[in-house]
Amino acid sequence: SNLVAIMHSIAEGKIDGEIAVVLSDKEEAKALEHAKNAGIAAYHVNPKAYDTKEAYEKELWDSIMSRPCTEDTYFDPSDYVDAVREKAVERYDMLNLMYYRNLASWICNLCQVCEQQLLSFVLNEAETEGIRYSPDDVKKGFSFSKAVFELHQQPFENLSSWGKIKELRLLVNVIKHAEGDSEQRLRRIRPDLFTQNFFGTDYDMTSLYHTTLLEPTLAISDADFVAYYDALVQFWDQLPERMYTSD
């Protein structure tokens with residue numbers, strides 16, 4: 001009666017689906033008869049013929065998966081398995097790419113925030129001292145900020161945090177532009193970012209796909225984001241309370 005109710009619900013559009021096969025542990029079960037009359041594959045598997053429940057359930061599965069499939073008489077349930085597996089792979093790829101792009105965006109934003117902090121710091125300090133810089137110089141952004149720090153006897157290279165920040169800036173350029181000069185320089189510092197292991201074999205995904213945004217080609221991780229964040233915090237902590245020009 002349950003099978004008939006399901007069949008009617010499918011016919012009436014109340015259930016969006018179809019019955020691929022009917023199995024029963026009773027040879028004379030009415031469900032098998034109803035299924036066969038409706039053109040649905042129906043089979044009896046006797047549980048008493050098996051020593052354990054696991055063996056019986058395995059036979060149920062094997063009896064379905066091993067039967068020949070023809071379009072006219074039988075729908076192969078393994079098609080469902082293949083379809084589900086394909087959809088699962090598609091969903092994993094989509095989520096993995098979303099995670100990768102999100103992490104790459106956060107790393108880029110971290111760098112941009114740092115550069116804007118530096119410029120804002122320089123301009124605010126200059127305003128306090130009544131200093132006006134040329135608009136053309138200010139437009140240079142990070143290189144202008146760096147030059148002002150050097151003028152005040154505080155080159156970035158003297159700070160232990162600078163190495164990691166320099167790496168961050170190279171990585172951001174690689175994320176934005178893929179292959180090029182920054183990519184080659186970053187490879188010398190962090191070759192591990194360009195190597196990913198699949199089934200025991202290392203691949204250079206950036207060279208393979210020639211992109212850093214269309215595919216998750218860089219081996220960036222949450223740990224990289226944290227390391228860059230810590231380096232930026234350390235950068236500000238390492239600056240002296242006052243900086244003076246050489247004049």
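Residues numbered from 1 in each chain as written. Predicted model: local features only at pLDDT ≥ 70, side-chain atom pairs only at ≥ 80, totals over all residues. Heavy atoms only, no water.

## So, the pattern of salt bridges
Pairing between side chains of opposite charge can happen when the charged atoms of each approach one another. Tallying each qualifying case throughout the model produces 17 salt bridges. Linking K30 and E33 is a salt bridge whose minimum nitrogen-to-oxygen distance equals 3.6 Å. One end of the pair is K30 and the other is E33, both in helix α2 (residues 30-37) and three residues apart, which spans about a single turn. Judged by relative accessible area, K30 falls into the exposed class, the value being 56%. Residues E90 and K87 are paired through a salt bridge, measuring 3.8 Å at the closest nitrogen-oxygen approach. You can see E90 and its partner K87 sitting in helix α4 (residues 78-128), three residues apart, about one turn around the helix. Taking relative accessible area as the criterion, E90 reaches 40% and is therefore assigned partly exposed. What makes K87 exposed here is its relative accessible area of 56%. Among the charged side chains, a network of salt bridges with common partners joins K164, E167, R190, D192 and D224. (Salt bridge = Lys/Arg side-chain N within 4 Å of Asp/Glu carboxyl O. Helix = DSSP H or I, 4+ residues; strand = E, 2+ residues; numbered from the N terminus. Buried < 20%, exposed > 50% of the residue type's maximum accessible area, 1.4 Å probe, protein only.)

## Observations regarding the pairing of strand β1 (residues 21-24)
Residues V22 and S24 line the buried face of β1, whereas the alternating positions V21 and L23 sit on a face that is not buried. Examined bridge by bridge, β1 and strand β2 (residues 41-44) share four bridges and lie parallel to one another. Residue pairing in the sheet places V21 in a bridge with A41 of β2. Viewed along the sheet, the connection from β1 through α2 into β2 turns out right-handed. (Pairing = 2+ DSSP bridges. Right-handed = clockwise from strand over helix to strand, strands pointing away.)

## Examining the packing of helix α7 (residues 162-177) against helix α10 (residues 222-238)
Packing of α7 against α10 leaves a shortest axis separation of 9 Å and a crossing angle of 130°. One finds that α7 runs oblique with respect to α10. Remark: the crossing between α7 and α10 carries left-handed chirality. Two secondary-structure elements touch here, α7 through K164, I165, E167, L168 and L171 and α10 through A227, Y228, A231, L232 and F235. When grouped by side-chain class, the residues that make up the contact of α7 with α10 number eight nonpolar, no polar and two charged. (Axes fitted to C-alpha atoms, helices over the stretch in contact; angles between N-to-C directions. Parallel < 35°, antiparallel > 145°, perpendicular 65-115°, else oblique. Left-handed = near helix turned anticlockwise from the far one by under 90°. Contact = heavy atoms within 4.5 Å. Nonpolar A, V, L, I, M, F, W, Y, C, P; charged D, E, K, R; others polar.)

## Quick word on a nonpolar patch on the surface
A grouping of M94, L95 and M98 is seen on the molecular surface, where their side chains present a nonpolar patch of about 280 Å² in accessible area. Relative to the helices and strands, L95 resides in helix α4. Exposure remark for L95: the relative accessible area of 40% places this residue in the partly exposed category. (Patch = residues over 30% accessible without salt bridge, like charges linked within 9 Å, V, L, I, M, F, W, Y side chains within 5 Å. Areas by Shrake-Rupley, 256 points an atom, 1.4 Å probe, with all protein chains shown as cover.)

## What about the side chain of S9?
By the element assignment, S9 lies in helix α1 (residues 2-11). Its relative accessible area of 19% is what places S9 among the buried residues. With near-sequence residues (within four places) excluded, S9 lies in contact with K14 and I15.

## Focus on α10
For α10, which comprises 17 residues, the first-to-last C-alpha distance of 24 Å matches the rise-based estimate of 24 Å (1.5 Å per residue) to within 8%. Of all the residues in α10, the buried ones are D224, Y228, A231, L232 and F235. One face of α10 carries all of its buried residues, which in axial projection span an arc of 95°. Exposed residues lying more than 90 degrees from the buried face of α10 are A223 and D237. (Expected span 1.5 Å × (residues − 1). Arc of directions from axis to C-beta.)

These results come straight from atomic positions and should not be treated as a statement about function.
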